[in-house]
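# Residue-level structural notes
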Amino acid sequence: MKLSAATFYALLAGLFAIAIRDVLFEYEENGCSMTYMFEYPEYQRIRLPKRLQRQYPSYGLYLYGEGIYAEENKKLKLTGIPVLFLPGNAGSYKQARSLGSVALRKAENMDSRFHLNVFTVDFNEELVALYGGSLQRQTKFIHECIRAILKLYKDQAAPPSSVAVVGHSMGGIVARALFTLPKFNYRLISLIITQATPHQGPVLPLDSDLLDFYTTVNQHWSERAQELRNVTVLSVGGGFRDYQVRSGLTALPCPSDDPNKLSLVSTAVPRTWVSTDHLSIVWCKELVLATVRTFFDLVDPDTKQITEDPEKRMAVIRHHFVRHPVKIYDDTADDVITFSGLCEVWTRVLAPRLSYTSPTEPRTKYCIFPLSSHRKSYSHFHCQSSNLEMSSWLFGCTQSNGPACLQAVDLSWETELLPAFKVLTLKLDDYPSFSHIVVSASNTNAKQFSIDCEFFNEDSRIVSTPVTHVLSFGVTVSEVVLHPTGLIHNIQLQDFHQMYQAFTIRIESHCQTSQEGKHSIYRLRVPWFREDSFTTASGSSVTQISARLHSARPDNTSTASLQLHTSPGCRYTVTIRTSVFQVLGQILRFHGSCLPVYIAVSILLTYEGQLHSLLTTGHTVELGKALSASAKPYRVMPVINILLYLLSVGWLQAGWSALSLPPLDVPPLSEEGGDWSPLVSLLLFMFGSAIAYWGSALLGLSLSLLSVPLSAIHRPSTSPSSGRLGSRGQISLMVFLVVICWTTCGALALIITYLIYLYKVLRLQMSERTLKHVLNLAPRQSLGRAAGPGVCVKEGGGGAVEALGPEGSAVSCNGSDLVSVSVLEDTSEDLYLHLTLLTLLTLPVLLSAPSFIYWTKNLRYSLRLDPDPCWPVAIVLVISAVLLMSSSTASIRTSKLLKASARLQFPVSIAMVAFALLHLYRVAHFIALTLSLHALSCLI
């Protein structure tokens with residue numbers, strides 16, 4: 001039984017390790033270029049009023065500078081555009097150097113017509129993603145910083161009235177929280193750019209302050225959506241490299257019809273096309289360049305400040321972050337183009353397809369496609385060019401003369417830049433007034449490039465194929481063969497819309513002729529969230545793409561697809577196969593934060609099994625055996641599913657709300673997991689059980705190994721759990737720990753209590769080892785329970801020591817001490833129970849660790865953590881743990897509350913799964929309830 005359980009949990013641990021590996025390591029290599037400073041970076045501290053310095057002693061405001069620019073700004077006579085950088089969780093104010101340095105170089109290249117003044121805030125590297133108590137304080141400090149920044153420009157003829165904000169990680173949510181302040185003027189911020197900010201909710205909801213902060217911010221932006229429409233917000237996620245904040249959380253929770261809010265992933269950003277980790281998104285050169293170009297294009301030439309026109313702000317952002325047309329942004333450009341009409345530069349193309357390679361010498365050339373002969377046969381025109389000059393290249397002719405076009409409309413603004421070339425696809429019915437399409441093949445810079453164009457019917461280029469089932473385990477495949485018929489194809493991936501789905505797409509290309517210099521681009525398109533990813537291939541090749549989603553489809557109106565920009569004359573075979581390892585990774589990526597709940601539930605059910613054994617047989621069992629026997633998912637998950645089903649009934653849901661009961665934390669699994677949420681929950685439960693099993697085994701092994709050297713220097717008592725409950729020492733320890741909890745930090749009191757308990761259990765382990773050594777009991781069956789269970793007796797007046805074995809036979813006792821075997825059995829049972837309680841206490845200690853870290857970092861400013869999310873439950877846990885340290889199975893065996901305590905663990909487990917999946921801090925509350933009842937069992 002023990003071997004089979006270990007094998008089962010070893011298998012689960014292996015699957016969990018595979019999932020961890022997929023989340024932490026299975027992603028593309030870092031494609032970001034590093035940003036470098038050309039001069040030594042300087043951070044000039046901005047002097048704030050003394051009132052603010054006293055109120056926020058650990059915070060600071062700085063101005064970034066380099067070289068001469070830094071020297072010129074020493075007197076703070078600023079004339080630039082104020083931009084405020086907000087660091088995130090444990091972030092440094094020095095992270096602004098990439099943005100500040102690139103902006104400075106950009107201004108120098110523009111002969112300093114205007115420049116950015118990049119300010120940055122020092123938050124003392126607080127862990128605000130895990131401790132929400134300081135978020136409101138940070139928000140109020142930022143409000144004061146914005147006021148102080150704008151005062152620095154008061155001597156200007158046209159001082160700025162607003163500040164642009166760039167927020168990394170939690171800095172982005174703090175930026176949005178400014179609008180919730182009672183006296184905040186919405187006009188102080190017109191533009192917010194957030195990087196890897198979890199807008200949807202906290203990554204780990206470890207305290208109520210953190211959740212309340214998110215609820216306040218998102219509810220305010222939802223209720224005041226109309227008033228906040230003029231605030232432009234861009235949210236950029238890092239993709240799969242960012243395993244700290246998954247990109248689905250970076251989507252802005254705003255109405256879909258708000259034109260001034262945009263969420264996307266860095267893999268979809270033109271001229272970037274890379275995934276970034278949580279830190280590199282700040283310094284990734286490709287992304288920083290896009291951000292700085294956006295700022296400079298947003299400047300109003302009249303005021304030399306960020307434009308106040310929200311439509312222009314969003315147009316510029318879309319230009320650089322959504323669809324780059326390979327042209328310099330210019331909202332004043334005239335779309336009507338007049339040509340010279342010289343016949344020698346025009347080439348009339350009558351065929352439906354063109355493939356052209358320019359010569360190396362400079363040349364002016366235009367290809368003109370008459371539309372009259374193609375409108376009836378084709379629906380679309382597609383063209384791609386490897387010439388990436390920032391210039392117009394495709395036009396719709398409105399006036400022609402013979403083979404030449406005299407006047408045309410510039411269609412180049414509809415161009416889309418891809419990693420290897422630019423493309424433009426036109427629907428012919430949308431341009432009925434055009435007589436011709438003109439493509440510029442001019443080679444003005446003597447660089448060779450290629451152009452491929454074609455007319456095609458959209459229906460012939462769309463192939464729909466179902467993806468393989470998630471339970472196919474990669475055995476079956478879905479295959480599509482594309483013959484060499486065109487430049488662009490779309491494969492619609494039916495039923496690919498759930499977060500747990502993951503596929504390996506293999507694209508094999510066979511080209512009939514040499515494709516030197518030609519590239520194929522494979523684009524995974526997700527229409528409900530801008531998370532497109534691009535893969536480039538050349539010639540005959542085999543390419544593998546990992547197809548995974550950052551967010552589940554919100555409706556049934558769209559389908560993910562694979563868009564292939566192919567090379568002419570090549571045959572493509574596309575196979576789609578379910579990737580089991582990536583499926584596990586997706587489940588962990590989306591729901592890994594729920595694992596502490598399932599770990600706690602497994603330990604609670606284990607504890608229930610031990611108490612039940614103590615109640616029925618008078619003896620308890622070891623943790624591993626109890627866990628494998630009691631921690632069964634079929635005991636918990638059906639009850640949760642029944643509750644979920646019942647609460648879907650309207651009148652039952654109304655009654656539940658009337659009783660002021662909190663909503664269940666289960667629906668997000670259903671929303672993101674679809675019909676497979678029960679299987680997802682089952683897998684998470686088993687992962688939690690495996691972690692509890694091997695975690696407790698590791699703790700027990702560590703204690704056992706640690707007891708070996710300690711036994712040599714510290715002789716343990718043979719009855720370490722025989723301390724009297726309610727003694728003066730216990731009461732003094734309780735008072736001491738409660739005072740620490742009240743005056744300093746609840747997490748500190750918990751850690752001290754845990755260490756003392758750990759020492760008690762270690763002494764218990766040492767006692768068991770000593771007793772086994774004294775009695776020399778290798779096979780336990782050699783000592784029977786017949787004559788007053790295996791009592792060692794001393795015969796006559798001699799020194800021989802014997803033990804009464806089975807049927808009264810005498811067994812020699814090696815040792816000079818007369819020790820009862822029953823003491824060893826009681827000690828072992830005490831160790832089993834205390835090891836379970838210590839494992840259970842480990843969870844609240846770990847969950848409260850961020851509060852402790854925050855308290856230690858701010859200890860020089862304040863002795864007491866305020867607010868302290870842990871102190872109420874910490875007091876209960878501390879008192880209960882102190883009482884339990886001196887308890888024994890003998891005292892619990894005779895308790896009147898033993899039956900009630902054993903029966904309570906199952907409903908507590910149900911309640912924990914129902915109400916703590918999205919509120920991890922409630923885990924400590926449920927554990928406190930269990931431990932306090934156990935402590936009462938020792939007294940009553």
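So, a few notes on the structure that sits alongside this text. Quick caveat, the model's predicted, so the values are computed rather than measured. Position labels on residues start from 1 in each chain and follow its written sequence. Local features in this predicted model are restricted to residues whose pLDDT is 70 or higher, and side-chain atom pairs enter the listing and the counts only when it is 80 or higher, whereas totals over whole chains, interfaces and linings include all residues. Processing note: side-chain calculations cover all non-hydrogen atoms of the structure and skip hydrogens and water entirely.

## Some details on the packing of aromatic side chains
Under the pairing criterion, centres of Phe, Tyr and Trp rings, with the six-membered ring standing for Trp, must be within 6.5 Å; the plane angle then separates stacked pairs below 30 degrees from edge-to-face pairs above 60, leaving the rest tilted. Within the structure shown, the criterion is met by 32 aromatic pairs. Both rings, one in Phe 339 and one in Tyr 366, keep their centres 5.2 Å apart while their planes meet at 70 degrees; by these two values the pair is edge-to-face. Remark: Tyr 366 occurs in strand S14 (residues 366–370) and Phe 339 occurs in the loop between strand S11 (336–338) and strand S12 (346–348); sequence separation between them is 27 residues. An identical accessibility class is assigned to Phe 339 and Tyr 366; each is buried. Members of the aromatic cluster, connected to one another through ring pairs, are Phe 8, Tyr 9, Tyr 693 and Trp 694. Whether a charge sits over a ring comes down to the Lys NZ or Arg CZ being within 6 Å of the ring centre and within 35 degrees of the ring normal. One residue, Arg 176, lies across the ring of Trp 221, its end atom 5.0 Å from the ring centre. Taking NZ or CZ as reference, Arg 548 lies 4.1 Å from the ring centre of Phe 240, over its face. Only runs of H or I of at least four residues qualify as helices and only runs of E of at least two qualify as strands under DSSP, and these elements are numbered from the N terminus. The buried label goes to any residue with under 20% of its type's maximum accessible area, the exposed label to any with over 50%, and the partly exposed label to all in between, with areas taken from a 1.4 Å probe on protein chains only.

## Quick notes on the nonpolar core
Counting 108 residues, the largest nonpolar core has Val 636, Tyr 757 and Met 912 as the members making the most contacts within it. At 12 residues, the largest contribution of residues to this core is made by helix H12 (residues 595–617). When neighbours within four sequence positions are excluded, Val 636 is seen to be in contact with Val 601, Leu 605, Phe 685, Ile 910 and Val 913. Val 128, Ile 149, Leu 152 and Phe 179 belong to the second largest nonpolar core, which has 50 residues in total. Residue types Ala, Val, Leu, Ile, Met, Phe, Trp, Tyr and Cys, when buried and joined through side-chain atoms within 4.5 Å, form a set referred to as a nonpolar core. Contacts were defined at the residue level, with two residues in contact if any of their heavy atoms lie within 4.5 Å.

## What to know about helix H11 (residues 580–591)
Spanning 12 residues, H11 covers 17 Å between terminal C-alpha atoms, matching the ideal 16 Å at 1.5 Å per step. Within H11, the full set of buried residues consists of Gln 582, Val 583, Leu 584, Gly 585, Gln 586, Ile 587, Leu 588, Arg 589, Phe 590 and His 591. Residue count minus one, scaled by 1.5 Å, sets the expected span of a helix.

## Re the state of the cysteines
When two cysteine sulfur atoms lie within 2.5 Å, the pair is treated as a disulfide. Throughout the structure, instances matching the rule amount to four disulfides. The disulfide partner of Cys 383 is Cys 453, and the gap between their sulfur atoms is 1.8 Å. Here Cys 453 lies in strand S21 (residues 450–456) and Cys 383 lies in strand S15 (residues 380–385), a separation of 70 residues in the sequence. Using a relative accessible area of 0% as the deciding quantity, one classes Cys 383 as buried.

## Structural notes on the sheet that holds strand S17 (residues 404–410)
Pairing between two strands requires that DSSP report at least two bridges joining them. With mixed pairing, the six strands of this open sheet are ordered in space as S11-S17-S16-S20-S14-S12. If you trace the sheet from one side to the other, it starts and ends with S11 and S12, each paired once. Put simply, the sheet's adjacent strands are angled 35 degrees from each other on average, direction ignored. Under this scheme, a helix contributes an axis fitted over its contacting stretch, all axes are lines through C-alpha atoms, and angles between N-to-C directions fall in the 0 to 180 degree range.

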